[in-house]
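Below, each chain spelled out in residue letters.
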Amino acid sequence: YGNRPSSASAPFSTLPRRRSLPANTVVKFVPQQEAWVVERMGRFSRILEPGLAILIPFIDRISYTQSLKEVAVEIPTQSAITMDNVTLELDGVLYYRVIDPYKASYGVADAEFSIMQLAQTTMRAEIGQMTLDTTLAERNTLNHNIVQAINHASESWGIACLRYEIRDIHPPAKVVEAMHSQVSAERSKRAQILESEGARQSAINVAEGAKQAQILASEAVKMEQINRAMGEAEAIRQTAYAEAAAIEKVAKAISDSEAGELAAGLHVAQQYVEAFGNIAKEANTIVVPASTNDVAGMVSQAMAVFSSVSANQKKAAQLLLQEKRAAAKEGDDVAGLSGAKELGKAEERGLEGSGGFGSEQINH
C-alpha cells in the first residue's frame, strides 16, 4: 500500500510490495491515477495531481502516495457461527478504492489492514444473524449487508468498499452428510409423490372411461328400445288402418249386395273350421264345444246375434219416433206438425227396410 511501510500489514496483504517514497528532486511527474501527499516542514501542504509538480528542496517532502485504482484484497479463511449454532469456514474477496487521499493518509494508520479486519468482523456479525440454510441460499443478500456495514464504518477513512464476494463456505463434514441425506430424502419424497399422482390420475382416467362407456351403452339400449317401440306402434297403427278399411269394405259389400249375407255366413263357417284346426295343432289337450260338427248351428248363432242387434236398433228408432210424434201433437205449430209427419213417414220407410233385412237374416 502507498502508506509508510508497516510490518503488521505485510502478512495480511496479497499485493506486491510497493516501491519506496519518491525523493524530492524539485521537479516531479505524478503518474496517472495516483495522488501524492506533500508535507512542508512536517505539516500537510497539498496533494499533487497527476502531471508536473514543482517542489522546494529540503522543505517539501512527499509523505504518502495513494493509488486511486480499485484494489482487490483477499480476506483470509475464518470461522463464523450461524444462528442455529453451525460453525462455518468462510473466505472472501474485498474490492475497495481510495476516494479521499487526505483521509486515507491521516484518518487511519494502515488503511488496508483496517479494512480487512473490518470485513472479517462484519462478516462474522452478519452470519451470526442468519441460519445455515439462509446463509447458503441468500449469499447475495449477505454480501450486500457486509458492503453496507463496511462503508458505514470506513466513511472517515476516505475509503469506499465497492463490493464483497464470499468465495467459499465450508460447513462441517457431518453437516454436509446431513444435507446430502436431506436432499436424497427430498428427492425420494418428490418421486413418490409424482408416482402416487400418476397412479391416481390413471385410476381416475380408467373410471372416467368406464363411466362414459356405460353411459354410451345405456344410450344405445335406450335408442334401440325407442326405435323398437316406435316400429311396433307404427305396425299396430298400420294393422288397425288395414283392418278398419277391410271391415268398411266388407260392410259396404254386404249392404250393397243381395247375396252379401250368404257370403258373410260362408266366411264365418270357414273361420270356424280353421280356428278348430289351429287349436288342435297348438296343444295336446283342448276344450271344444259339444256341437263341434254343427257348423250350420254356429253360423246361425252368429247371424242370430246380428239379428238381435238389428232388432234393438229398430226398437230404439220406434221409441224415438213416438216421442217426436207426441211432441208434434201437443204443439200448435202446423208447420212443425207436418214436418213431424213427414219425418214419421221417412222413419217408417227406414224401419220397414231394416225389418225386412232382419227377417231375411233370421231365415238364413
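One structure accompanies this document, and this report is about it. (Residues numbered from 1 in each chain as written. Predicted model: local features only at pLDDT ≥ 70, side-chain atom pairs only at ≥ 80, totals over all residues. Heavy atoms only, no water.)

1. Quick word on the sheet that holds strand β5 (residues 60–67)
Link 1 in the chain: Spatially, β3-β2-β5 is the arrangement adopted by the three strands of the open sheet, whose pairing is antiparallel. The strands lining the two open edges of the sheet, one partner per strand, are β3 (43–48) and β5. Across the sheet, the mean angle from the axis of one strand to that of its neighbour is 25°, orientation sign disregarded.
Link 2 in the chain: As defined by bridge partners, strand β2 (residues 34–40) adjoins β5 across seven bridges and the pair is classed as antiparallel. Across the sheet, residue A35 finds its bridge partner in β5, namely Q66. (Pairing = 2+ DSSP bridges. Helix = DSSP H or I, 4+ residues; strand = E, 2+ residues; numbered from the N terminus. Axes fitted to C-alpha atoms, helices over the stretch in contact; angles between N-to-C directions.)

2. A short note on the packing of helix α2 (residues 111–128) against helix α4 (residues 139–153)
Between two packed helices, the angle of one axis relative to the other and the distance separating the axes together describe the packing.
Link 1 in the chain: For the pair α2 and α4, the least separation of the axes is 9 Å and the interaxial angle reads 135°. Between α2 and α4, the crossing angle belongs to the class labelled oblique. Seen along the crossing, α2 lies across α4 with a hand that is right-handed. Where α2 approaches α4, its residues I115, L118, A119, T122, M123, E126 and I127 are matched on the opposing element by L142, N145, I146, A149, I150 and A153. (Parallel < 35°, antiparallel > 145°, perpendicular 65-115°, else oblique. Left-handed = near helix turned anticlockwise from the far one by under 90°. Contact = heavy atoms within 4.5 Å.)

3. With respect to the pairing of strand β7 (residues 87–98)
Link 1 in the chain: In this sheet, β7 lies alongside strand β6 (residues 71–81) in antiparallel orientation, the contact comprising nine bridges. In the strand pairing of β7, A72 is matched with Y95.
Link 2 in the chain: Counting the residues that bridge the hairpin from β6 to β7 gives five residues, and of these N85 lies at a positive phi of roughly 60°.
Link 3 in the chain: Here β7 runs beside strand β8 (residues 159–170); their pairing, made up of 10 bridges, is antiparallel. Across the sheet, Y95 pairs through a bridge with R163, a residue of β8.

4. Side note on the packing of aromatic side chains
Link 1 in the chain: Taken as a whole, this structure holds four aromatic pairs when the rule is applied.
Link 2 in the chain: Aromatic pair Y64 and Y106: ring centres 5.3 Å apart, planes at 75°, arrangement edge-to-face. With Y64 in strand β5 and Y106 in helix α1 (residues 101–106), this pair connects stretches of sequence that are 42 residues apart.
Link 3 in the chain: The class of Y106 is partly exposed, set by a relative accessible area of 33%.
Link 4 in the chain: Considering the side-chain rings of Y102 and Y106, the 5.1 Å spacing of their centres and the 45° angle between planes classify their relative orientation as tilted. Remark: Y106 and Y102 occur in helix α1; sequence separation between them is four residues, near one turn of the helix.
Link 5 in the chain: On the basis of relative accessible area, Y102 is assigned to the partly exposed category, the value being 40%. (Phe/Tyr/Trp six-rings, centres within 6.5 Å; stacked < 30°, edge-to-face > 60°. Buried < 20%, exposed > 50% of the residue type's maximum accessible area, 1.4 Å probe, protein only.)

5. Re the nonpolar core
Link 1 in the chain: Among the nonpolar cores identified, the biggest contains 30 residues, and L90, L94, I115, I150 and Y164 are the most heavily contacted of them.
Link 2 in the chain: Put simply, the parts of the chain that give this core at least two residues each are β6, β7, α2, α4 and β8.
Link 3 in the chain: Looking at this core, the element that brings in the most residues is α2, giving seven residues.
Link 4 in the chain: In terms of nonpolar packing, the next biggest core, distinct from the first, is built from seven residues, V30, A53, L55 and I62 among them. (Core = buried A, V, L, I, M, F, W, Y, C linked by side-chain atoms within 4.5 Å.)

6. Focus on a nonpolar patch on the surface
Link 1 in the chain: A surface patch of nonpolar side chains, about 480 Å² in accessible area, is lined by V26, V27, F29, L52 and I54.
Link 2 in the chain: Take L52: it is sitting in strand β4 (residues 51–54). (Patch = residues over 30% accessible without salt bridge, like charges linked within 9 Å, V, L, I, M, F, W, Y side chains within 5 Å. Areas by Shrake-Rupley, 256 points an atom, 1.4 Å probe, with all protein chains shown as cover. Salt bridge = Lys/Arg side-chain N within 4 Å of Asp/Glu carboxyl O.)

7. Remarks on the sheet that holds β7
Link 1 in the chain: Judged by pairing direction, the sheet is antiparallel, and its three strands sit side by side in the order β6-β7-β8 without closing on themselves. Strands with a single pairing partner mark the edges of an open sheet, and in this sheet they are β6 and β8. On average, adjacent strands in this sheet sit at an angle of 25° to one another, irrespective of strand direction.
Link 2 in the chain: Its contacts with the sheet put α2 on β6, β7 and β8, and the angle it makes with β6 is roughly 35°.
Link 3 in the chain: α4 rests against β7 and β8 of the sheet, and its axis sits at about 145° to β8.

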